[in-house]
Amino acid sequence: MKIGLKTGTATGGKKKRAFRLTVDRRQILTCLAAVLLVLAAGVICEYACNMRILSLPRQQRGIFEVAEGNIRAEGFVKTDKGWELTEEKGTLTVELGGWYIDKLAYSYDYDHLLNATAYVCYYNGYGEADPEQDMVIEDRNSKLVKTSYLNIGEEVDHVQLTIDRNELGESGSREAAAGENLTVTGFEICNVAKVHWARMGFFWALFGMAAFFWIFRQTIGKRIEIGFAAACLTIGILMVSALPVTKVGYDEETHFMRAMEIASFPWGMNLSPAAWNKMIPSLDDWPENQPGSLEEEQQIEEYFDTEGDYKNGTIHPDVTVPKGSVPAYLGQAVLLKIGKGLGLPLAALIRLGRLGNLLVYTAIMFFAIKKTPVGKAIMSAIGLLPTSVFMACIYGYDASVTAWIYLSAAWMLKEILTPQEKITWKSYAMILVTFVLGCGAKAVYAPMILIGLLLPKSKFRDKKQMIAMRTGFILVLLGLLASFVLPVLIAPKEVGDVRGGATSEVGQMSYILGHPLAYAEILLKNIFHQLPKFTFGTDIFSAQGHLAEGSFTWLSGILVVYAIVTDTRSTAPETLSGRQKLWIFLTLAAAVALVWTSMYIAYTVPGNLIIAGVQGRYYLPVLFLFYLLFNSRTVIARIENVWYHTGVLAVSAAVLLITMWQTVIVPCCL
């Protein structure tokens with residue numbers, strides 16, 4: 001049954017545009033039923049995950065302190081506080097007698113990064129202790145954690161906790177760490193059933209996406225961008241909620257600082273030491289020591305919420321945000337501004353800013369997919385790659401850069417492939433504005449604007465307009481290049497990026513300008529050596545910053561290749577010719593060369609033959625057009641859009657969810 005609402009005509013004899021609101025009651029009921037079923041399924045799955053604990057004998061459920069008699073020490077001395085490490089290496093063996101251990105917690109008195117190794121001897125399928133099946137847990141603890149929780153989930157004979165002073169701390173701090181007293185104060189068995197909201201959210205997202213793709217498959221068949229937005233927002237919000245508030249993305253502390261500076265305009269920031277340590281490289285936020293459980297994450301959040309004052313602190317940093325980067329941080333900064341106004345604790349504020357990045361990325365990609373006349377499935381698959389969504393769920397400008405460049409590329413393709421339609425100044429302005437918004441933060445992609453020179457003469461009303469528009473493309477290129485090339489040529493710095501070691505812009509430029517042919521050889525060797533990994537490998541498909549990489553890179557590769565070969569659908573009458581593809585390839589190659597050269601100058605020790613610092617995520621802005629070069633209508637996939645679009649999105653969402661389960665939920669949230 002359908003109900004409708006229709007407007008009449010306006011007064012004064014003028015007709016008012018008809019407005020219709022049509023609602024399919026059956027679809028509403030279907031959606032409501034699906035929501036209820038999804039919620040129920042998530043709760044049931046979460047209950048099932050707790051069944052092992054709930055089925056234990058009552059005397060084994062709860063939190064139990066391990067008696068001293070069950071602990072044997074080597075390299076430790078028993079004191080009033082606990083077991084003090086006195087040797088270079090010590091082992092504490094905890095006898096557990098075959099109990100089922102969901103988590104084994106050990107508390108300690110130590111003010112540094114604690115890196116330990118736990119060897120878990122558990123019972124095999126025959127109910128026997130089998131040392132050859134030991135579970136090895138590399139337990140890297142944050143400086144802010146004082147009780148570590150080992151996720152075991154087995155019937156355990158004993159656990160050996162080994163601490164080596166040579167493994168304490170982190171490079172640059174090991175000497176200080178090894179000199180501090182370390183005392184393990186006690187052990188606890190934690191067999192407690194509890195609701196893990198991130199895990200239940202995962203089940204809700206999994207079943208919710210399946211229901212959405214089925215119910216709205218007809219809509220997705222017509223408008224794949226709607227399915228993309230639904231998947232990106234649903235899974236992205238779950239990721240923002242599940243990610244630790246610690247530094248998980250590359251240089252995330254710098255990007256957080258810049259976003260906070262914009263959000264604090266015009267008064268500036270007033271930070272406590274704890275809040276300031278979130279914005280600089282520090283042991284308090286060391287990325288290699290992430291929380292290994294929900295309890296550890298709660299300890300870190302409690303510290304930041306208690307000590308992280310971002311309004312009345314005594315530190316007033318003077319942060320300079322590059323002007324070209326400001327648009328890329330606006331989504332993060334706006335929500336940070338709102339969160340600051342609401343007085344949210346620091347941990348919630350961090351997540352809110354990350355959400356701002358996700359919302360902007362999803363919105364721009366939605367319009368890019370909608371606008372492009374070709375490769376909609378290809379762009380959707382790239383946009384939902386685990387690496388792409390991860391970059392959108394942390395602080396940074398990479399996601400925004402990629403989305404804006406894709407929108408500009410989509411606009412250019414629309415104009416290039418419709419030669420019979422005249423280009424308007426509005427459309428031309430949109431191409432330039434969106435491109436500048438993307439390249440403002442990373443001008444190395446500037447050569448891609450020259451794709452606009454492929455606009456055929458038939459697109460212009462007259463020769464004057466053609467000259468003006470083509471000149472505009474060239475001027476934008478020159479302006480963007482001048483923003484980062486000229487400073488290096490005119491006044492190179494004695495020191496480049498200190499993260500790369502003994503770097504020097506002056507020294508590196510002397511090598512490049514003094515030996516241009518030798519550098520060209522170095523550049524080409526480095527590019528081609530890494531090309532497979534950066535275009536069809538883990539670094540571009542499933543890298544997750546400082547977290548572990550996903551193991552389903554192969555499935556992402558199959559999906560991308562499938563989309564490249566089969567996505568021959570187009571809303572434009574023309575296809576890219578060989579000449580046009582060659583020109584696009586040259587502009588992409590120029591952009592890639594600038595990416596590598598910029599890292600060679602700023603991040604690589606002068607004279608080194610290996611260019612350091614280049615990562616797969618730097619290829620994301622060029623990936624769509626690069627894949628499009630291999631797209632051809634020689635292969636026709638005779639499958640309806642309703643199944644084709646839905647299938648591509650469903651597989652993309654599945655890979656994204658599985659990767660998040662492996663890299664975020666299981667390691668950090670359980």
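Because the structure is a prediction, the values reported are computed rather than measured. (Residues numbered from 1 in each chain as written. Predicted model: local features only at pLDDT ≥ 70, side-chain atom pairs only at ≥ 80, totals over all residues. Heavy atoms only, no water.)

## So, the side chain of Thr-434
Here is step 1: Position of Thr-434 among the secondary structure elements: in helix α15 (residues 425–439).
Here is step 2: The exposure class of Thr-434 is buried, given its relative accessible area of 1%.
Here is step 3: Only 2.6 Å separates the side chain of Thr-434 from the backbone oxygen of Met-430, close enough to count as a polar contact.
Here is step 4: The residues contacting Thr-434, other than those within four sequence positions of it, are Trp-404, Leu-407 and Ser-408. (Helix = DSSP H or I, 4+ residues; strand = E, 2+ residues; numbered from the N terminus. Buried < 20%, exposed > 50% of the residue type's maximum accessible area, 1.4 Å probe, protein only. Polar contact = N/O pair within 3.5 Å; in protein donor to acceptor, adjacent residues only side chain to side chain. Contact = heavy atoms within 4.5 Å.)

## Observations regarding the pattern of salt bridges
Here is step 1: Counted according to the given criterion, the structure contains 20 salt bridges.
Here is step 2: A salt bridge links Arg-72 to Glu-95; its shortest N-O distance comes to 2.8 Å. Residue Arg-72 is found in strand β4 (residues 71–74), and its partner Glu-95 is found in strand β7 (residues 89–95); the two are separated by 23 residues along the sequence.
Here is step 3: Classification of Glu-95 as partly exposed rests on a relative accessible area of 26%.
Here is step 4: We note a salt bridge from Glu-297 to Arg-351, for which the minimum N-O separation is 3.2 Å. Placement of the pair is Glu-297 in helix α9 (residues 294–307) and Arg-351 in helix α11 (residues 346–371), with a sequence separation of 54 residues. Neither residue differs from the other here; Glu-297 and Arg-351 are each classed as buried.
Here is step 5: When salt bridges with common partners are traced through the structure, they connect Lys-103, Lys-194 and Glu-295 into a single cluster. (Salt bridge = Lys/Arg side-chain N within 4 Å of Asp/Glu carboxyl O.)

## As for the pairing of strand β8 (residues 100–109)
In regular strands, side chains alternate between the two faces of the sheet.
Here is step 1: Counted residue by residue, β8 has eight buried out of ten residues, so it is predominantly covered.
Here is step 2: Relative to strand β11 (residues 147–164), β8 runs antiparallel, the two being bridged by seven bridges. Looking at the pairing, Tyr-106 lines up with Ser-148 of β11.
Here is step 3: Of the pairings in the sheet, the one linking β8 to strand β12 (residues 183–191) comprises seven bridges and is antiparallel in character. (Pairing = 2+ DSSP bridges.)

## Topic: helix α14 (residues 398–416)
Count 3.6 residues to each turn of an α-helix, and residues three or four apart come out pointing the same way.
Here is step 1: In a regular helix each residue adds 1.5 Å, so 19 residues correspond to 27 Å; α14 covers 27 Å between its end C-alpha atoms and thus fits that length.
Here is step 2: Counting buried residues in α14 gives 18 out of 19 residues, a clear majority hidden from the surface. (Expected span 1.5 Å × (residues − 1).)

## With respect to the confidence of the model for the protein chain
Caution applies to low-pLDDT parts of the model: their predicted coordinates are not meant to be read in detail.
Here is step 1: Here the protein chain averages 91 in pLDDT, and 94% of its residues register 70 or above.
Here is step 2: Below a pLDDT of 50 lies the segment residues 1–16, which in the model reaches 23 contacts outside its immediate sequence neighbourhood of four places, other chains included. (pLDDT = per-residue confidence, 0-100.)

## Some words on helix α7 (residues 252–263)
Here is step 1: Given a rise of 1.5 Å per residue, twelve residues ought to cover 16 Å, and the 16 Å separating the end C-alpha atoms of α7 matches this to within 8%.
Here is step 2: Within α7, ten of the twelve residues are buried, which leaves the element mostly enclosed by the surrounding structure.
Here is step 3: Among all positions in α7, only Glu-252, Glu-253, His-255, Phe-256, Met-257, Arg-258, Ala-259, Met-260, Glu-261 and Ala-263 are buried.
Here is step 4: Buried residues belonging to α7 abut α8 (273–276), α10 (326–342) and α11.

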